[in-house]
Every structure is written in C-alpha cells, then in structure tokens.
8 protein chains.
Amino acid sequence: MSKPRVALVMGSDSDFPVLESCVATLKKFDIEVEAMVCSAHRTPEKAADFAKNAEKNGIGVIIGAAGKAAHLPGVLAAFTTLPVIGVPIKSSTMDGLDSLLSIVQMPAGIPVATVAINGSENAALLAVQILGGAYPELREKMRQYKLQMAENVEKKNQALQERLKA
Amino acid sequence: MSKPRVALVMGSDSDFPVLESCVATLKKFDIEVEAMVCSAHRTPEKAADFAKNAEKNGIGVIIGAAGKAAHLPGVLAAFTTLPVIGVPIKSSTMDGLDSLLSIVQMPAGIPVATVAINGSENAALLAVQILGGAYPELREKMRQYKLQMAENVEKKNQALQERLKA
Amino acid sequence: MSKPRVALVMGSDSDFPVLESCVATLKKFDIEVEAMVCSAHRTPEKAADFAKNAEKNGIGVIIGAAGKAAHLPGVLAAFTTLPVIGVPIKSSTMDGLDSLLSIVQMPAGIPVATVAINGSENAALLAVQILGGAYPELREKMRQYKLQMAENVEKKNQALQERLKA
Amino acid sequence: MSKPRVALVMGSDSDFPVLESCVATLKKFDIEVEAMVCSAHRTPEKAADFAKNAEKNGIGVIIGAAGKAAHLPGVLAAFTTLPVIGVPIKSSTMDGLDSLLSIVQMPAGIPVATVAINGSENAALLAVQILGGAYPELREKMRQYKLQMAENVEKKNQALQERLKA
Amino acid sequence: MSKPRVALVMGSDSDFPVLESCVATLKKFDIEVEAMVCSAHRTPEKAADFAKNAEKNGIGVIIGAAGKAAHLPGVLAAFTTLPVIGVPIKSSTMDGLDSLLSIVQMPAGIPVATVAINGSENAALLAVQILGGAYPELREKMRQYKLQMAENVEKKNQALQERLKA
Amino acid sequence: MSKPRVALVMGSDSDFPVLESCVATLKKFDIEVEAMVCSAHRTPEKAADFAKNAEKNGIGVIIGAAGKAAHLPGVLAAFTTLPVIGVPIKSSTMDGLDSLLSIVQMPAGIPVATVAINGSENAALLAVQILGGAYPELREKMRQYKLQMAENVEKKNQALQERLKA
Amino acid sequence: MSKPRVALVMGSDSDFPVLESCVATLKKFDIEVEAMVCSAHRTPEKAADFAKNAEKNGIGVIIGAAGKAAHLPGVLAAFTTLPVIGVPIKSSTMDGLDSLLSIVQMPAGIPVATVAINGSENAALLAVQILGGAYPELREKMRQYKLQMAENVEKKNQALQERLKA
Amino acid sequence: MSKPRVALVMGSDSDFPVLESCVATLKKFDIEVEAMVCSAHRTPEKAADFAKNAEKNGIGVIIGAAGKAAHLPGVLAAFTTLPVIGVPIKSSTMDGLDSLLSIVQMPAGIPVATVAINGSENAALLAVQILGGAYPELREKMRQYKLQMAENVEKKNQALQERLKA
C-alpha cells in the first residue's frame, strides 16, 4: 500500500509561516505532503484542475488555507469528493473572523472541515485522524501522540510547581 | 448600439424573493436582464463558463447574490474583466454578516463591488450607474430617478405633517 | 468488510429537529447511524466512555452537535483518535456564534472538524467523505450525489426561467 | 476621446498611506487621477460641490475613502449619478468594522460600491473595470493584468517548491 | 422668552413608529417639536439647508434618527453649531449595530450625542437636559420626572411582592 | 454671569492620557474644567455625592469617561438632571466595544450622550455645543472653530497636491 | 442556624418572566428568596441601601439581573462584600451581548459572577453552590440534583432511541 | 477550622503570566492556593479526577482559566458541586470573545461564575467573597480591601489635581 498523502494548498505564500507547523506535524506522522500556492481568484482554473485530479493523484485529504474572503477551501471542495480541511488565516483586519465565516459557513451540499483560526497544527492532526480510516497504523501513532501531549502537560505542571515553591 | 445588459446570478432560487426588486429596478431603466440560478459550489463549471463568456455575450455588468459563505460573486469575478456587483443575502443565522464578509473582503486583485445586506435595489442602481459610462442616456434617467426619490421623501414628509396635526 | 458506521451525539434532545436531515443523509449513503443524547456537562462520564470505546465498537466518525458553550464535540475528541465532526447548534441567543466559537476554536492538539451553524446535512456529507478513504464505494456515491445536486440547481434554474417569462 | 479620469477623495490626509497603492494602480492603467482631501463633516459644501460637478469635469468614477463613521462615500454618492466606490479605512478601534458598515449598509436609492477594509488596490481595479464599459482598451489591459497576477502566483509557488526541497 | 424648541429629523417615515414616544415625551415637558422626514442621501440639500438655518429658526436641539448606514445625524451636525442627538434605528439586519456605529463613531471635530438603539424616549430626555441650561424650569421638571420614575419602579416592586405572595 | 463650567470625571487615572485633549479643547473655548478620578465601583458614594451636587456647584455639563463595563457615566446620570456625556475608553480587550455598549445602551429614563470610543475631543466640543444654549458667545466661538477646521482640511489638501506633483 | 437566603434584584419587572425559573430553582433547594424590582439608574439610592444592608439582613448571595447597559449587578457589588451573581437579560436588540459585556467586563476590584444570557436557572444553581460552603447540606442536595439531571438526559436518550426505531 | 483553600487550574502554562495576580491576591487574604496546569482536552481524566476529589481534598472554590474554545471551567464544573469560577484568557485571535462565550454561555444545569477577560484579580476576589460564607473573617478583610481601594482612587485623584495645577 502506498504512503498516505496530503495536499496543502495556500491562497498566498504569505500564509506559509502560519502553515509550517502543519507541514512539520504531517511529517512527524510520516505522511507525504504536497504543498502549493494556488489562488481561488487569481489562478481559479489551476485550483479546479488540482482538485479534480487530487483523488487519482493519490491524495487522501486536501487542506486549504486562506485569509479574508477565504474562498479557496470551498472552491477546492466543489471539485472533489475528498474531504477538504479549511484553515482560516488571520489577516490584517477583522482578527480572522472574516476568514472563519467564509470557510465554515458553507451552504448545504459542500462541507469544509474547518479548524481554528490559524489552526495549522490541528489541520494536520485532523488529516491524520481522517487518514486513520484507511491507514490503521496512523490510529496507533495518534494514540502515542496524545499520550505524549498528556506527558508534556504534566511536565509543564511540574515546572509550575517548582516555580510556585521558589 | 445594442441595449445595455445585466446578468443576475443567484446561488439559490430561495434568494429570488429578495432579488425581485433588483430585476424590477433594472427593467425600469430599460435594461435587459438575464437572471439565472448557478452555484459556485454545486455547479462550479457552469459558473466559470458563464463568467468567461459574459463579456462576449454582451453583458455589461454581472450581479452575483449569495448567502452564508457567499463565494459566488468572487468566483464569477475570478473569470471575467467585467465589473461584478455582490449582494450579500441574509440567511437563517448570523444576520447576513457571514455573507457580507465573504463577499466584501476579497483579497487584492479581484474586487467585488459590494452593496448592503439584501441590498437588491441598490445592486440594480449601481449597475445603472456603471453602465452610464457607455450608455449616457442612463445618466439622465438616473438624474430623473433621483429627483423622483427626493419628491417621494417630500411627499412622505407632507404626510407626516398631516399626521402630526391630526 | 462491515458496513461503515457513524455516531451522532447530541447535547440535548431539543437539538434533534435540526439533526434529522443529518440522519436522513447518512442513511441515503447506506451508512449505519447510532444516535444518542449525551451531555458533556450532565453526563460527562458517559460521554467519555462512549468516546473511548467508539473505535473498538466499529464507529468510523463521530458527529457531536451542541449549542451555547458547546463543549461536547471537543470533549468527545479528547477521548478518541477518530475524527470528530462538530455541528454548532443555534440556540435562543447569539445566533449560534457562541456555539461556533466554542467548537471551532479548539486549542492545538485536539481538532474538531467544524461545519456551518446548524449545518446538519453537511456534517453527514463530511462523514461520508471521510469514510470514503476506507470505503471507496462511498467516493463513487458522493460523485453521484454531486451530479444530482448540479442537476437540481439546473432544474431550479429552468423553473426560474419559466417564472421570468411568465 | 479624452483619457479616462478617476477622482480619489479621502476624508483625512492620514488615510493617504493606505491609498498610495490605489493611485499607483490607476496610473499603471494610464488613468488620470485627481486626488483630494475633503471631509463630509468639516468641509461638507466642498464635498457636495465636488460631487455635483464631477461628471461635467470629466470624471468617470469617484473613489471615496474614510474611516470610523465613514460618511464620505455616501455623501458624495448623494450628489452625483456617477458610480462611487467606497474604501473603508481601518482606524484605531473596531478593526474597520465601523467604517465598513457605515459605507456598505447604504439605504435603498443611493448605492456605494464597497471594497474590502483598506482595499485600496481593489478600489483602483474596480474603477478600471467600470471604466472598461466606455474605454474598451481597459478591458484588454485588465486581461493582461490578470494573466500577470496568475504568473506571479505561479512564481511564488515555484519559490515555495524550492524552499520545501531545501 | 420663547418656548424651547426641538427639531426631530428622521431619515425615513418608516422610522416614525419608533419615534412617537420621543415626540410624546418632549410634549410632556411642554417643548415645541418640529418633526420632518428628510434624507441625508435622497434630499441632501434640504438636510443641509435645514441644519444651517435651525439656530436662527429658534431650534435649540436637533434630534436625528436613521438606520443602516445612518449618516443623517452626522450630516446635520456638519452644518450647525447646535447640539445634535443621534438615535440609531434598528433595521431589518445587523440588529442596529450598523446604525449605532455609523452615528456614534463620528471623527474628531463633529460630535453627535448618541443614545441607545431605538432609544427614542432617551433622545427626548437628553434634549430636555440640554435645554435645561437656558430654560431652568426644565431642570425642575426633570427632577419631578425622575421622582416619578422612582415611584413607578417602587409600584412595580409592590406588584411583584403581591405576585410572589400569591 | 459666571463662566461656563464642565466636570470631567474619569474612572481611572490610566484614562487621563486619552482625556488630555478633552481638557485642552475645553480650555480653548475658555471653559472652566474640574477634572477628577472617581470610580463608580470603588468610590460609589463619592460619585453619587459629586453628581447630586454638581448643578448647585455651578457645573453645566458632566463628562464621564470609563472603560470595560463602563458604568460611571450612567451612574452619574442617575443622580443629576444635568446632561451627562459619556466617553467609552478602549481598554486592553474587546477594542472598546464593551465600553461603548455599557455607556450607550442606557435603559429608558436615564440617557447618556455618548461619543466615539476614545472620542475625547468630541466630548469637549459636544459640551461646548450644549453650553451654547445658555452662553451664546460659545455658539460664535464654535462657528469660528468649524471655519478653522475647514481651513485645516484645505491646507492638508494643498499639501497633498504638492506631494502628488513631486 | 438560620435558613440560607438569597436576594434576587431585577432592574425591571419586565425581566421577571425570565427569572421565574430562578426563583423556582432556589425554592427546590429550600432557600429563602427575597425578590425585588430596583433600578441602578431610576432608584439608585434604594439599590445602594439594599446592598449595604444585605449582609446584616441575613442575605448570603445577591443575584442581580438586568438588560442593555446592565449596571445593576455591578452597582450592587460596589456596596457589599457578599458575592454578587449577574444575569444578563436579552432585550430587544443586540441579542444580549450588550447586557453580557456590561456585567461581565467589571474592572479589577469589584467582580460580578456572571452566568449565561438569560441564564436564570444557572444563577440559582450557582447561588446554591456558593451557599454550600456555609450550609453543607446544600452540597448533598446539589449532588442529588446532578444525579437527577443525568437521569433526565438518559430518559431523553431512551425516548430518542424509541423514536429512531419507529 | 482549617484554612480556606482555592484551586487554580489553568489549561496551559502560557496562561500563568495573566494569573500571577490571581495567586498574589489570594495570598493577600491568607488563602491557600493550589495551582496546576491541567487540560480539558489533553489530560481530560486528570481534570475529571481533580474535580471529583476537590471537595474532599478541602478545596472550597475552583478557579479554571483557559483560552480559545475554553472548555476547562465547564468540564471541571461537570464533576463537582463546588462553585467554579471561570477566567476567559485572551489568546492570539478574537480578543478573548471566543474564550468568554465558551465559558459564560454554559447550558442550564452546570453554571460557571465568569469574570472579565483576563480578569485574574477579580477571580481571586470573587473566591474570597464566596469563601466569606464559611470564613466570616474574610468578609471583614474584604471590607478593609474595599476601603483601601477607595483610598487608592482618592490618592490618584490627588495626584491628578497636582498634575492639572502644574
């Protein structure tokens, strides 16, 4: 069986700093990532072509990230039957509320699986959970990941206890 | 010279009751209206084809109306050099704020001329003002329209005076 | 291979009218649905137990629906490695904004795949797309579903043309 | 035929830094720009006189930019039959929401073609699209502009691919 | 000394039902009220003329009421040195937030004394308090009014006590 | 006749930097200013005493400035028949929306004349306009002030013209 | 030991329908309730006197409920060292957001324990939990109450199962 | 009688800088503080165990602080009959509105006593007021604290008077 693959499509290269932790998290789970800059408005045909062909190109989940009137995830979802995850990017005004509503409020028929504003890492983890249906080893890796998160919280708690005693 | 033509594209036929005054207002100015239901997400290729061919089909202005994550006007604008007017439709939640932000907050490069939430009549009047550049007789009709609006305000004021005396 | 299964957990039975189209849509795709009322705050241990055992009970996707300070989807996600879809329910105040933010703004580590406010049908469709990874026949069914949606839009467009001629 | 002309009216000279890209974009399209500081509240009669005479002074589109209770575009629109584009300026509070609502929510009768908060460049592009009705060469220039935008996206995509390989 | 006079200017006659209690309250204080329908956008010159002449016509306070992009109070304030009170009218969308921000967020130089959304009665009472500077008998009447309000609260409290005993 | 007097009451000394332009503007109009720090919640009785005695102490207008759950202007208004102007102060969260709503949304019976968030200068100008009823020379000074504002706009416009030519 | 007592102060008798479940819930726990109508703005001295004397009158917790610019809970809190619970009442505009922010955003020094908009029953339950410190039998009653809530959820779940089978 | 004890549970150690003044204020009142990092989502079982045992471990009040989709206070409240105070932490987007709504909008049955966004000190003071029921000496200390706050306001007022004279 081939390796699981995720495509990360961003509306603008200026979104990449927010998305680096998405790429890094996917790699931690040994998932192949195909990242690209592609705009729903400036390169709409490329976006459509990419989405139409994603399934046959071996992509299992598409992550779309965009800011302001963030149409990219919805536009990708229009052209595929793959699950599409949307990451609302916070831009220079409106604190990301415009991006969030433009992504999450999709009309009936074409869902986008929306994560938090700038929720780059969670987009990756959601992709892992989705791919876990077909790649059961990812379920186990996610279990380990959760245990590690719990341990990290406990370590931080210990550090706080030390600090409070000091 | 051919008659001025406007296309009114709505994301859902449930938006039509809001848009009837748009059609009526355009007809008052003797503008040809081509209205259609076409979804950015359910019929994306039809939307793209329509927008790509609108100019050569004699359309001068496109009006796109949609609710919730209202991508339609932006998606149409991506495929044409014609001015696109966006009408945010108020849907069952969020009082139209989602529609407004999804339409007005377009990223640099692809503007949408946004009017008020449910601002159906103003979309028509804006189309008339835009078409006035190539069809100067519309400028004169608009001047008359404005005079009539002023007269209507004055009539309502007279009615108020009568009412207050009573 | 066993049939795909989805669990639909709602915080209150008063949310059920909104969720009926979710159940109906899942059944259209021949997906087994297990629906239950379970509160993150009033029956927290049942919620935790349910989520912990969902995977071994054959559930592939969990849908959590809740209103106001809608913690249910996030609380379910804390106890499972399955993908969890969150449906913000619009309650008597705040137009669903409180539900949306309580569900979508999950902190890093525990994503919830959020759909629109009252986006009951889209939660079902997203579940279908997610399950498509392990059940490829769902991909084909989804393709058919999308074609049918496009046809429905076209039918509504035809009806509009008739209406405008009249 | 004379050159196309656009007037850019700003409520305060402190808005100019946001608007420089509007002027620059209009000049790229070889459009004559007349920029001025003029306040709806501090110099209301000058604003009215300007708008009343704009058409006969050869202006084809008016762009009004203002912040807070941003009345300027609406006040200009009251005195002209030309299309008026409104640019909501983000000021020190409310993230531009006050400016946006004060401009876009115009009552029936007097539309303002609103672009994004601080959407300076899009105001220029919208003016170009509007003027394209009377100056067809602008349509062709806009087509070239869109091609160039698409190329720029592709270049950024190439740069991202390089970066990801490194 | 002549009687104190207040002008109540409304942007639309549809606002009058909200404003009836404003008129009634002013009359309770024996203040002469001049009410009129006058639009900042549809009859801008009449609005300007009215405001310019209000002082010499014996008006002491102007109340402006409008909804949506509610420019009327600010536009009146631009043309007078009288205090202008603004009443944001709640219209069919946005719950009056658009009206409130369009009225209260006036830029430095031209204040509008804003009251609550649909705060018709408070606009009248504020006018009375303002006029109290020149008409000291209004101060005394206001004192009586406040005593009566306190008595009414106490009566309602008594009614509640009866109700709770029952 | 004694000089006009205004009291400026602020909820916290941390608000003073925002309010300095209020004091300066009042002094430009030769109005006596009594400024004080007084909290609706920490020194409620002092606030009540101050407001009860303000009129007999020769105060003509009270300005109350406060942030967050900004009760001060409303509390002062409860104890006086003088007009009370409220200045919503922007604090570390919510961009001043909390302060604005806490001040402007006063229930029927007790109005507060609200100006823009951080609208310090406008509070002063509104006080001048209110005092103009009893001190007609302030009307004339305000007229001069408005002329000067218009001149300043024109100077800024000239500067812009120079800049654009360069 | 005397019975635990709670005072419920509402700004207007129109709030009582929302508050009936608060009274009923307190009575279920055998807590004495003293309810009154008392306005922070119309009867400010009564409000102050009530709060100042509440502790010595045997009150253990004060619940203040108010709408719009909802100052009542904060004003009561200013005059007592008892815990004050605030219930934001949803009024005719702004969906209760104004009430919520006016109550919860209290400045440092004077907290108000805020519950949900119209959260009448929760105000009662919070009072019970607070009184549990001095009246340990209330802790036990609350435990029973929680068990009963869990049982009710389970009953509703059973009803749902029946319905789904049908 | 043992000393009063408060538990302060924070969702992330990054919230501690905001919460230091909470700890400091509790210590001023000689209250024992047990602080810990514990996540509703990453360590949900630890959170549940902590809350279930808090009462028998001598805790009188639990303070839960969290940001974004801030479920922690509600989750703790689900497992205890102690009063739970919620502190919404302002995170990198949405200005704390998401945290506030996720905490305050708790459904009927499980209240959380919510204080202002980042209202760390007020959480401590509210805990003191709550504990005052069982530890009457805290009532007296709180009275002293309030007197001191009033004195501080007066000192700041004196400083302002000096500054204004200079």
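Our subject is the structure that appears above.
Within every chain, residues take consecutive numbers counted from 1 along the sequence as written. Chain labels run from A onward and ligand labels from 1 onward, assigned in the order the entries are written. The predicted nature of this model means local features are confined to residues of pLDDT at least 70 and side-chain atom pairs, given and counted, to a pLDDT of 80 or more, with totals for whole chains, interfaces and linings taken over all residues. Computation of side-chain values covers all heavy atoms of the structure but excludes hydrogens and water.

Colleague: Can you help me understand the overall build of chain A in this one?
Modeller: Segments assigned H or I by DSSP are reported as helices when at least four residues long, segments assigned E as strands when at least two residues long, and all are numbered from the N terminus. Summing up its helical and strand segments, chain A has 6 helices and 5 strands in all. Along the three orthogonal principal directions, the C-alpha set of chain A runs to about 60 × 45 × 30 Å. Across the 166 residues of chain A, 64% fall into the buried class. When checking whether two residues touch, look at their non-hydrogen atoms; a contact exists if any pair is within 4.5 Å. Sequence separation of at least 24 residues holds for 68% of the intrachain contacts in chain A that already meet a minimum separation of 6. The Shrake-Rupley method, run with a 1.4 Å probe sphere, supplies the accessible areas, and residue values consider only the shown protein chains as cover. Approximately 5,500 Å² of chain A is accessible, and the part contributed by carbon and sulfur atoms is 51%. Counted as positive: Lys and Arg. Counted as negative: Asp and Glu. His and the chain ends are not counted at all. Just so you know, the charge point we use is NZ for Lys, CZ for Arg, CG for Asp and CD for Glu. Within chain A, the 17 negative side-chain charges are centred at a point lying 2 Å from the centre of the 18 positive side-chain charges. Three exposure classes are used, based on accessible area relative to the maximum for each residue type with a 1.4 Å probe and protein chains only: buried under 20%, partly exposed in between, and exposed over 50%.

Colleague: Could you clarify how one ought to interpret the relation of the copies chain E and chain F in this entry?
Modeller: Superposition of the two copies of the chain requires a rotation about an axis together with a shift along that axis. To superpose the copies, least squares is applied to the C-alpha atoms of every residue with a pLDDT of at least 70 in both. Superposing chain E onto chain F requires a rotation of 180° together with a translation of 0.0 Å along the rotation axis, leaving an RMSD of 0.0 Å. The symmetry that links the two subunits is that of a two-fold axis. With an isologous cut-off of 70% or more, the 100% of interface residues of chain E that recur at the interface of chain F puts this contact in the isologous class.

Colleague: Would you mind showing me how to read the interface of chain C and chain A here?
Modeller: Counting residues at the interface gives 38 residues for chain C, matched by 38 residues for chain A. For the pair chain C and chain A, the two sides together bury roughly 3,100 Å², of which 59% comes from carbon and sulfur. Accessible area that two parts lose when put together, with a 1.4 Å probe and added across both, is what the buried area reports. Three residues, Thr81, Pro111 and Arg139 of chain C, lead the burial of chain C against chain A; their summed loss comes to 19% of the area buried on that side. With a closest N to O distance of 3.2 Å, Glu55 of chain C and Arg143 of chain A form a salt bridge. Residues adjacent in sequence count toward polar contacts only when both atoms are side-chain atoms; beyond that, a polar contact is any pair of N or O atoms within 3.5 Å, and within protein one must be able to donate a hydrogen and the other to accept it. Applying the counting rule to chain C against chain A returns 19 residue pairs in polar contact (both at pLDDT 80 or more). Those elements that provide at least two residues to the side of chain C that touches chain A are helix H3 (72–78), helix H4 (97–104), strand E5 (113–114), helix H5 (120–131) and helix H6 (136–165) of chain C. The leading source of residues in the side of chain C that touches chain A is H5 of chain C, at 6 residues. Residues that form the side of chain C that touches chain A fall into these classes: 24 nonpolar, 9 polar and 5 charged. In the sections that follow, a salt bridge refers to a side-chain nitrogen of Lys or Arg positioned within 4 Å of a carboxyl oxygen of Asp or Glu. Here the nonpolar group is Ala, Val, Leu, Ile, Met, Phe, Trp, Tyr, Cys and Pro; Asp, Glu, Lys and Arg are the charged ones; every other residue, Gly included, is treated as polar.

Colleague: Which parts of the structure should I look at to understand the arrangement of the chains?
Modeller: Structurally, chain D and chain G remain out of contact, their C-alpha atoms never closer than 16 Å. One finds no contact between chain B and chain H; the C-alpha atoms of the two approach each other to within 16 Å at their closest.

Colleague: How do you make sense of the environment of Asp30 of chain G when you look at a structure like this?
Modeller: Residues and elements named next belong to chain G. Along the chain, Asp30 turns up in the loop between helix H1 (16–28) and strand E2 (32–37). Residues Asp30 and Val128 lie 98 residues apart in sequence; the distance between their C-alpha atoms is 9.9 Å. Filtering out sequence-adjacent residues up to four positions away, Asp30 remains in contact with Lys3 and Lys141. In this structure the side chain of Asp30 is engaged in a polar contact, spanning 3.3 Å, whose partner is the side chain of Lys3.

Colleague: What's the story with helix H2 (residues 44–54) of chain F in this structure? I'm lost.
Modeller: Think of an α-helix as 3.6 residues a turn; residues three or four steps apart then line up on the same face. Turning to H2 of chain F, its buried residues are Pro44, Ala47, Ala48, Phe50, Ala51 and Ala54 of chain F. Here the buried residues of H2 of chain F occupy an arc of 165° about the axis, which is enough to place them on one side. Directions from the helix axis toward the C-beta atoms define the arc.

Colleague: In this structure, what is going on with the pattern of salt bridges? I would like to understand it.
Modeller: Between side chains of opposite charge, a pair can form as their charged atoms come close. Under the counting rule described, the total for this entry stands at 88 salt bridges over all chains. As a salt-bridge pair, Asp30 of chain F and Lys3 of chain F come within 3.2 Å of each other at their nearest N and O atoms. With Asp30 of chain F in the loop between helix H1 (16–28) and strand E2 (32–37) and Lys3 of chain F in the segment before strand E1 (5–10), this residue pair connects regions lying 27 residues apart in the sequence. Overall, Lys3 of chain F belongs to the partly exposed group, its relative accessible area being 38%. As a salt-bridge pair, Lys46 of chain F and Glu154 of chain H come within 2.6 Å of each other at their nearest N and O atoms. Note that Lys46 of chain F is positioned in helix H2 and Glu154 of chain H in helix H6 (residues 136–165), a pairing that runs across two chains. On the basis of relative accessibility, which here comes to 27%, the residue Lys46 of chain F falls in the partly exposed class. When salt bridges with common partners are traced through the structure, they connect Arg5, Glu32 and Glu34 of chain A into a single cluster.

Colleague: What exactly am I supposed to notice about the relation of the copies chain C and chain A here?
Modeller: Superposition record for chain C on chain A: RMSD 0.0 Å, screw rotation 180°, translation along axis 0.0 Å. Both copies contact each other with a shared surface, as 100% of the interface residues of chain C are interface residues in chain A too.

Colleague: Would you mind going over the packing of helix H4 (residues 97–104) of chain A against helix H4 (residues 97–104) of chain B with me for this structure?
Modeller: Any two packed helices are characterised by how steeply their axes cross, that is the angle between the axes, and by the distance between the axes. Where helices are involved, their axes are fitted lines through C-alpha atoms of the stretch in contact, as for all axes, and angles between N-to-C directions lie from 0 to 180°. Taken N-terminus to C-terminus, the directions of H4 of chain A and H4 of chain B make an angle of 105°; their axes are 9 Å apart at the nearest point. Relative to H4 of chain B, the element H4 of chain A lies roughly perpendicular. Here H4 of chain A contributes Leu97, Asp98, Leu101 and Ser102 of chain A to the contact with H4 of chain B, which in turn contributes Leu97, Asp98, Leu101 and Ser102 of chain B. By residue class, the composition of the contact of H4 of chain A with H4 of chain B is 4 nonpolar, 2 polar and 2 charged. Any angle that is under 35 degrees is reported as roughly parallel, and any over 145 degrees as roughly antiparallel; angles of 65 to 115 degrees are reported as roughly perpendicular and all others as oblique.

Colleague: In this structure, what is going on with the packing of aromatic side chains? I would like to understand it.
Modeller: The geometry of two aromatic rings is summed up by the distance between their centres and the angle between their planes. Residue and element names in this part refer to chain A. Two aromatic rings from Phe, Tyr or Trp, using only the six-membered ring of Trp, form a pair when their centres are within 6.5 Å; if the ring planes differ by under 30 degrees the pair is stacked, by over 60 it is edge-to-face, and anything between is tilted. Applying the stated rule across the entire model yields 8 aromatic pairs over all chains. A centroid spacing of 5.2 Å and a plane angle of 45° characterise the contact between Phe29 and Tyr145, whose relative ring orientation is tilted. Note that Phe29 is positioned in the loop between helix H1 (16–28) and strand E2 (32–37) and Tyr145 in helix H6 (residues 136–165), a separation of 116 residues in sequence. Take Tyr145: its relative accessible area is 13%, and that puts it in the buried class.

Colleague: I keep staring at the state of the cysteines and nothing clicks. Help me out?
Modeller: Linking two cysteines covalently via their sulfur atoms produces the bond known as a disulfide. To count as a disulfide, a pair of cysteine sulfur atoms needs to be within 2.5 Å. For the structure on display, the rule yields 0 disulfides over all chains. Summary of cysteine pairing: Cys38 of chain A is not part of a disulfide, and the nearest cysteine sulfur, belonging to Cys22 of chain A, is at 16 Å.

Colleague: Can you help me understand the interface of chain E and chain F in this one?
Modeller: Note: interface size is frequently given as the accessible area lost on complex formation between the parts. Contact residues are listed per partner, giving 38 residues for chain E and 38 residues for chain F. Summing both partners gives a buried area of about 3,100 Å² for chain E against chain F, and 59% of it is carried by carbon and sulfur. For the pair chain E and chain F, the interface holds 2 salt bridges. The interface formed by chain E and chain F holds 19 residue pairs in polar contact (both at pLDDT 80 or more) in total. Listing elements by their share of the side of chain E that touches chain F, those giving two or more residues are helix H3 (72–78), helix H4 (97–104), strand E5 (113–114), helix H5 (120–131) and helix H6 (136–165) of chain E.

Distances and angles like these do not, on their own, reveal function.
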